[in-house]
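Each chain, written out:
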Amino acid sequence: MSDIKIAVMGAGGRMGRELIRTVHAQHGCIVAGGVEQSGSQFLGQDVGTLAGIGEVGAKVTDDALATCASVDAILDFTKPAATVEFAGLAANARIVHVIGTTGLSADQEAAIAAAGRHATIIKAGNMSLGVNLLAAVTRRVAQALDADFDIEIVEMHHRHKVDAPSGTALMLGEAAAKGRKAVLDDVSVRARDGHTGPRRRGDIGFQSLRGGSVVGDHSVIFAGEGERVVLSHLASDRGIFARGAVKAAIWGKGRGPGVFSMADVLGI
């Protein structure tokens, strides 16, 4: 099999640079490009130099269309509006689009689903192996424990994160709701303040904490009478997300169009 040519969208960001380093280190993968928004200070720089690994012969550009036309896959941990644009370009080019962007609206999700008719889209609220295993376990535990066990999801991230709850927390909430054969939007409680009254049976609660440089901590709490089951995942290195994204790109090459998850990639 020939090497997979991969471009990184949002190449100048912290996650973008991590993705560049991870692609470069992966056997069988080539860092073939990087995209930044118009006016970025990084335009014209070699993507390898930008990521601290030395020149790789590919420049940072603001021409996402040309980039998508020249690679096998794009890795995208950017912003919702940009991700929707990139999904359309990936569909036109019939390439793999790995999406780690969170905070997507229902309309944006629908646009990405439409792009999946032509692109191979792999989308997850979290790309790490551990988190996806946690989601699978969460679904099984929610299925095994009835609504006598209240479900609360607690997440903490660095002070710069702009969306809440995190995409990972929502992914875990979806897993718990599926285990209970419920629709998350019907049972989700995102905030409590003042006199809220007693907790409603069957609700799935979310709490979002922000501070410092926390990469990502997530816990799913099943609280029953006299006992609690707590499932947790603690991330201390952004590399776990980058490694998962590259694994997804490799899995997606040569696959037909559609919208897939990391559970598909991992076979769980």
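Values in this document were obtained by computation on a predicted structure and should not be read as measured data. (Residues numbered from 1 in each chain as written. Predicted model: local features only at pLDDT ≥ 70, side-chain atom pairs only at ≥ 80, totals over all residues. Heavy atoms only, no water.)

### Some points on helix α4 (residues 80-93)
No. 1: The first and last C-alpha atoms of α4 sit 20 Å apart over 14 residues, in line with the 20 Å expected at 1.5 Å per residue.
No. 2: All of the buried residues along α4 are Pro80, Thr83, Phe86, Ala87, Leu89, Ala90 and Ala91.
No. 3: Taken together, the buried residues of α4 touch β1 (4-9), α3 (64-69), β4 (73-76), β5 (96-99), α5 (106-115) and β6 (120-123).
No. 4: Just downstream of α4, Arg94 is the residue with a positive phi angle, here 60°. (Helix = DSSP H or I, 4+ residues; strand = E, 2+ residues; numbered from the N terminus. Expected span 1.5 Å × (residues − 1). Buried < 20%, exposed > 50% of the residue type's maximum accessible area, 1.4 Å probe, protein only. Contact = heavy atoms within 4.5 Å.)

### Some points on the sheet that holds β1
No. 1: One open sheet accounts for seven strands, arranged β3-β2-β1-β4-β5-β6-β12; its pairing is parallel. Each having just a single partner strand, β3 (60-61) and β12 (258-260) make up the two edges of the open sheet.
No. 2: Of the strands in this sheet, β1, β2 (29-35) and β4 touch helix α1 (residues 14-25), which is tilted by about 155° from β2.
No. 3: In the packing of α5 onto the sheet, contacts are made with β5, β6 and β12, and the angle to β6 comes to roughly 140°. (Pairing = 2+ DSSP bridges. Axes fitted to C-alpha atoms, helices over the stretch in contact; angles between N-to-C directions.)

### Examining the packing of α1 against helix α9 (residues 239-252)
No. 1: Where α1 contacts α9, the axes come no closer than 9 Å and their chain directions differ by 55°. The orientation of α1 with respect to α9, classified from their angle, is oblique. Crossing of α1 against α9: the hand is right-handed. Mapping the contact onto sequence places Met15, Glu18, Leu19, Thr22 and Val23 in α1 and Gly239, Phe241, Ala242, Arg243, Ala245 and Val246 in α9.
No. 2: Residue classes in the contact of α1 with α9 are distributed as seven nonpolar, two polar and two charged. (Parallel < 35°, antiparallel > 145°, perpendicular 65-115°, else oblique. Left-handed = near helix turned anticlockwise from the far one by under 90°. Nonpolar A, V, L, I, M, F, W, Y, C, P; charged D, E, K, R; others polar.)

### Let's talk about the nonpolar core
No. 1: In terms of nonpolar packing, the biggest core is built from 34 residues, with Ile6, Leu75, Val98 and Ile122 touching the most fellow members.
No. 2: Secondary structure elements with two or more residues in this core: β1, α1, β2, α2 (47-51), β4, β5, α9 and α10 (262-266).
No. 3: Take this core: its biggest share by element is seven residues, from α9.
No. 4: Listed in part, the 21 residues of the second largest apolar core include Ala135, Phe149, Ile153 and Ala176. (Core = buried A, V, L, I, M, F, W, Y, C linked by side-chain atoms within 4.5 Å.)

### Section: the packing of aromatic side chains
No. 1: Counting across every chain of the model gives one aromatic pair.
No. 2: For the pair Trp251 and Phe260, a centre-to-centre distance of 5.3 Å together with 75° between the ring planes defines the contact as edge-to-face.
No. 3: Across the ring face of Phe206, the terminal group of Arg190 is positioned such that the distance to the ring centre comes to 5.4 Å.
No. 4: Over the aromatic face of Trp251 sits the side chain of Arg255, whose NZ or CZ is 3.8 Å from the ring centroid. (Phe/Tyr/Trp six-rings, centres within 6.5 Å; stacked < 30°, edge-to-face > 60°. Lys NZ or Arg CZ within 6 Å of the ring centre and 35° of its normal.)

### Some points on the sheet that holds strand β11 (residues 227-235)
No. 1: One open sheet holds the five strands; their spatial order is β8-β9-β7-β10-β11, and the pairing between them is mixed. Edge positions in the open sheet fall to β8 (188-189) and β11, since each of these has one partner strand only.

### Here's the deal with the state of the cysteines
Should the sulfur atoms of two cysteines be covalently bonded, the bond is a disulfide.
No. 1: All chains considered together, the criterion is met by zero disulfides.
No. 2: With no disulfide of its own, Cys29 has Cys68 as its nearest cysteine by sulfur position, at a separation of 17 Å.
No. 3: The exposure class of Cys68 is buried, given its relative accessible area of 1%. (Disulfide = S-S within 2.5 Å.)

### Describing the pattern of salt bridges
No. 1: Counted by the stated rule, this structure contains nine salt bridges.
No. 2: Its salt-bridge partner being Glu152, residue Arg192 comes within 2.7 Å of it at the nearest N-O pair. Here Arg192, found in the loop between β8 and β9 (204-210), pairs with Glu152, found in strand β7 (residues 150-157); they are 40 residues apart in sequence, far enough to count as distant.
No. 3: Classification of Arg192 by relative accessible area gives partly exposed; the value is 38%.
No. 4: Its relative accessible area of 16% is what places Glu152 among the buried residues.
No. 5: One salt bridge in this structure joins Asp163 and Lys161, with 3.1 Å as the shortest N-O distance. In this pair, the class of Asp163 matches that of Lys161, namely buried.
No. 6: In this structure, a network of salt bridges that share partners links the residues Asp150, Glu152, Arg192 and Arg199. (Salt bridge = Lys/Arg side-chain N within 4 Å of Asp/Glu carboxyl O.)

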